[in-house]
Each structure stands twice: as structure tokens, then as C-alpha cells.
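# Coordinate analysis (summary)
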Amino acid sequence: MDPVGIAAASESGPGPAWQSKCPWGAPNTTSMSCSLADVMSEQLAKELQLEEENAAFPEVVAVAEGPFITGENIDTSSDLMLAQMLQMEFDREYDAQLRREERKINGDSKVSISFENYRKVHPYDSDSSEDEVDWQDTRHDPYKADKPTTTPRKGFVGKGKDITTKHDEVVCGRKNTARMENFAPEFQVGDGIGMDLKLSNQVFNALKQHAYSEERRSARLHEKKEHSTAEKAVDPKTRLLLYKMVNAGMLETITGCISTGKESVVFHAYGGKSATEDKVIPPECAIKVFKTTLNEFKNRDKYIKDDYRFKDRFSKLNPRKIIRMWAEKEMHNLTRMQNAGIPCPQVVMLKKHILVMSFIGQDQVPAPKLKDVTLSSEDMKKAYYQILNMMQQLYKECNLVHADLSEYNMLWHDGKVWLIDVSQSVEPTHPHGLEFLFRDCRNVSQFFQKGGVAEALNERELFNAVSGLNITADNEVDFQAEIEALEKMNEDHVQNHGKKLSMFSSDGDPPIYDE
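Summarised in this report is the structure supplied together with it. What you see is a predicted model; the values in this text were computed from it and never measured.

## Considerations on the overall build of the protein
Across its full length, the protein holds 14 helices and eleven strands. Per-residue burial for the protein yields a buried fraction of 33% across its 515 residues. By sequence separation, contacts in the protein at least 24 residues apart represent 58% of the contacts at least 6 residues apart. For the protein, the accessible area works out to roughly 34,700 Å², and carbon and sulfur atoms hold 51% of it.

## So, the side chain of S445
Take S445: it is sitting in helix α12 (residues 433-450). Beyond its immediate sequence surroundings of up to four residues, S445 is in contact with L457, N458, E459 and L462.

## Side note on the sheet that holds strand β6 (residues 347-351)
Taken in spatial order, the five strands of this open sheet run β3-β4-β5-β7-β6, and their pairing is antiparallel. Each edge of the open sheet is held by one strand with a lone partner, namely β3 (251-260) and β6. Direction aside, the axes of adjacent strands within the sheet are offset by 25° on average. Alignment of strand β5 (residues 284-290) against strand β7 (residues 354-358), held across five bridges, turns out to be antiparallel. Considered in β7, the bridge of V289 is made with I354.

## Some words on the nonpolar core
With 50 residues, the main nonpolar core has I387, F448 and F463 as its most contacted residues. Mapped onto this core, the elements with two or more residues apiece are α10 (319-339), β7, α11 (377-396), β10 (410-413), β11 (416-419), α12, α13 (459-467) and α14 (476-497). Filtering out sequence-adjacent residues up to four positions away, I387 remains in contact with L370, M410, V417, V444 and F448. With 16 residues, the next largest nonpolar core counts I281, I287, V289 and V356 among its residues.

## Some points on the pairing of β11
Note: β10 against β11, four bridges, orientation antiparallel. Residue pairing across strands places W412 opposite V417, the latter belonging to β11. Linking β10 to β11, which pair antiparallel, is a turn of two residues; within it D414 sits at a positive phi near 55°.

## Details of the pairing of β3
Of the pairings in the sheet, the one linking β3 to strand β4 (residues 264-271) comprises seven bridges and is antiparallel in character. Of the residues in β4, the one forming a bridge with S259 is V266.

## Quick word on the pattern of salt bridges
What the rule picks out here adds up to eight salt bridges. A salt bridge links K288 to E330, with the shortest nitrogen-to-oxygen separation between them at 3.0 Å. Here the residue K288 occupies a position in strand β5, and E330 occupies one in helix α10, the gap between them amounting to 42 residues. E330 shares its class with K288; the two are buried.

## Description of the environment of V203
Note on placement: V203 falls in helix α7 (residues 201-227). Assessed through its relative accessible area of 38%, V203 is described here as partly exposed. For the pair V203 and N176, spaced 27 residues apart in the sequence, the C-alpha separation amounts to 9.2 Å.

Scoring rules and cut-offs
Residues numbered from 1 in each chain as written. Predicted model: local features only at pLDDT ≥ 70, side-chain atom pairs only at ≥ 80, totals over all residues. Heavy atoms only, no water. Helix = DSSP H or I, 4+ residues; strand = E, 2+ residues; numbered from the N terminus. Buried < 20%, exposed > 50% of the residue type's maximum accessible area, 1.4 Å probe, protein only. Contact = heavy atoms within 4.5 Å. Areas by Shrake-Rupley, 256 points an atom, 1.4 Å probe, with all protein chains shown as cover. Pairing = 2+ DSSP bridges. Axes fitted to C-alpha atoms, helices over the stretch in contact; angles between N-to-C directions. Core = buried A, V, L, I, M, F, W, Y, C linked by side-chain atoms within 4.5 Å. Salt bridge = Lys/Arg side-chain N within 4 Å of Asp/Glu carboxyl O.

Pasting the structure below:
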């Protein structure tokens, strides 16, 4: 080539090729021109931030599953949508924390626990409407153990040595466990299927009978609650009768319950005005409501069925009438005692099984029982002689035996003893009248002897003093034998002659048991 051409080319063109590739040469800096709007662009700032994050954290562990929520695919103009997004994010973080706790607690243990019930987001939730499952509508519950498979009609499965019949112990046990789900809802059976529990036929039959008995008992209790008087409440029929008394003006108001017992409930009430002028209602009244439950009267019918005042009306086929007769019997007994001058409640009115009497006490405070009051030696001696006199009056003038006399049925009010609860009182001509009298004498004698009354007679002496009989026996066994012999003679006379022998002569002498 011509040297002149080469020189011309070198002057007109750029430098030689080796000079541009020289590592020790100065780098070519090219300045990119950009405007102020590009620098202030948010999109550019986001891209730069993402590049820095990717460079600093090349591997990011996802905390929760699911699509990333951005402002491009969801409208964030609504506050409700923002709150839902934040709540969803919080729930997923909470579930992730629960999973970490599960792994920490379980470790390598064979028995593991699960916080599945405490998770906010169900693991089967899906964003697709086609895959969404409503757990309330599905019949298959993934948390419920599968029931045992049924035996085919032929009665066995398998062949040869592996044959299993429907009488197999394991198969029958699992079937019995599954059949427990048919028990009443009140009978808790637990998760026997999940535990692979195997119940024998004997155990299953016992549980089935027990469940049936409990179901019937609960039904009886519910029915009894509806139709009977409760411990401190009344049934609707009794409540209606009380309302009628208040509306009629017989009672001003009923304040509340003052006493409860096996047979009755006693309420306090303020008396009103009587419809008739000859009948005066006391300022304070006691309402005795006999319980309409029949259990308390099953063993106490002997007090009324052998009482000749009610013998013709007694009917065991209609036990509810017995309760009304029980209230009527107490009314008649109180009337006899009141006519004889014995301190006792005054009868105001009887309505079916409700007996209204005068209140023994003051200002809604009932008089204390003799067992609860502390008396001096003089008052105790005075009370003893008063009770002895009342027992004699009750026997001779009223022709009655209390049959349940004790310190529990005697009240101390205004310095004297008052007798209450005479619904079980019978006449001395009752087949067991003398036995009841001897029991009353024993209770009274033991109470006052323990109370320090030196003049208190023993039960045999007190019995002779009250009844007027002269039974001489060295011990209690012979004494009771003579009492039973007298009752037997009296009962034979009734059966032979058809009427009751008079227990009293005209001059008040002891009764004569003579044929």
C-alpha cells in the first residue's frame, strides 16, 4: 500500500484497533441523557428497589401460601377491602406461627398434637369457586373416623384360613361401638370409633339398658317437675289457687317460704278481709301446701286408710285424693284441738291441698322449734308439765294421738308450747294407735331427760299417765307385747261386731277392752 495513503487514513480515521482494546487504556465513558421526569418516576423507583432487594436477599422464604396481593388486581379504594386484606394477611401469619408451635412441641414424638381447630384459615380453603367445599353440606367429615364395614349377606368374608364371619369378636366389637351412636343425645358415648374401641355384646347390652333407663328417668323428672310441687315452689295449679285467694281478698299478699318438709311447704302471708262477718282472718297467716308428689305418701297411707273417719273414702287407685284427704284430716284434727283449748294454729280455710292457718310467730319470723330454743331450768320444767297436760287432753278430750310428737313438732312462743303438724294424728282406736302413743311418749321422755328435767317420767310411766291404762311390765319388750295384745283385741271386736268399741267411759275412766 502507498505510505501516503496510509498516513492520510491515519489522520482522518480513529486510532488503531490495538489502541481501543488495550487494557491499560482509559475507558470510554458514555453519558446517558435523562430528564427530571424520569428521575422522579415512581415506576423507576420501584424497579430500583426490587433490584436492590433481589441483590441483598436472593432467596426469600414464603411465609404463607396463596397469591400475592397487590394493588393491580384488587381495588384498594374501599376501606372494607383493605381491612379484609389486612385480616387475611394477619390470619396467615397466625397460622404460620401455629405450625411452628406444632413442630416445636411435637418434635420426633410418635404422639403429636394439632392446633387445627385454632387456625384462622382452613387448609382446604381455595380461591377457585369450583374447588370450594362447604363443610356443613358434605356428608363426609374428614375428621371423623370411618365406620366399620358391614358384613356381606353371605355372612363371611375371605377364604380358607383367612375367613371372617359376622360372629368374629373384633367385628362384633366394632359394630357395637358404632351402634352406640344411636343412643339418646343426653348419653355421652365419646369417640369410640376413633379409638378403635371393641365392645362385647354383654357390655353393649348393659350400656343400652342403662341409656334407656336414664332416658325414662329424665322424662319422669321432667313430668314430675311440671305436675308436682317442688322444694320451694308450687306447680301451676297450686299457683292458680293462691292467686284466687289473693284476688278474693282472703289474703293481702304472700311474702315467701318459711319452712319446707317431706310432705309440705309452708308460706307466710298477710291476712285480708273475710267475705262473711262471723269469720275473722288473723293479720298473719301460714299457708301449708301439701306436695302433690306421691312418693312421700306411699309409705304413710297406714295413717289414713285405717282411720275410721276416712276409711270409706280411702281409695288406693286414686292416690291424688289421698293428698286432699291428708289436708282435710289435719283441718279436722286442728279443729278438735282448738275446741279443747290446746295451743295450736287456728284453721282459716281449706282449699283442696292448701290449708290456711294462723301464723305462730311475729313479723314474718316463725316461732322457733323446741329443739332450737335454749330454755332455763324453770322454763324447761314448765314446758314439760304443759306437754304432759296437752297429751292427756289430746287423748281424753280430743280422742286423738299425735303419732309424730317430738321436739321438731313443738314450737315455743309467748312462753308456752304450741303443737303443730297433726296431719298424721289418729284416734286411739286406730289399729296402731297405742303404738304411736308409746313412740310419742318415748320421744318426749328422752328429750326432757336430756334437758335436765328431774321430774320427767320414763316412756312406760308417761304412757300409763297419758292413756290411763295400768300396764305393769318389767321391761320394754313385755310392755310393747301387752300393747299389741290390746290392739289385737280391739281389732277382733271391730271385725266381729262391725263397729268400733268406745275407748272412753262416761266418767273418763280408762278404756275397757272387754268382749
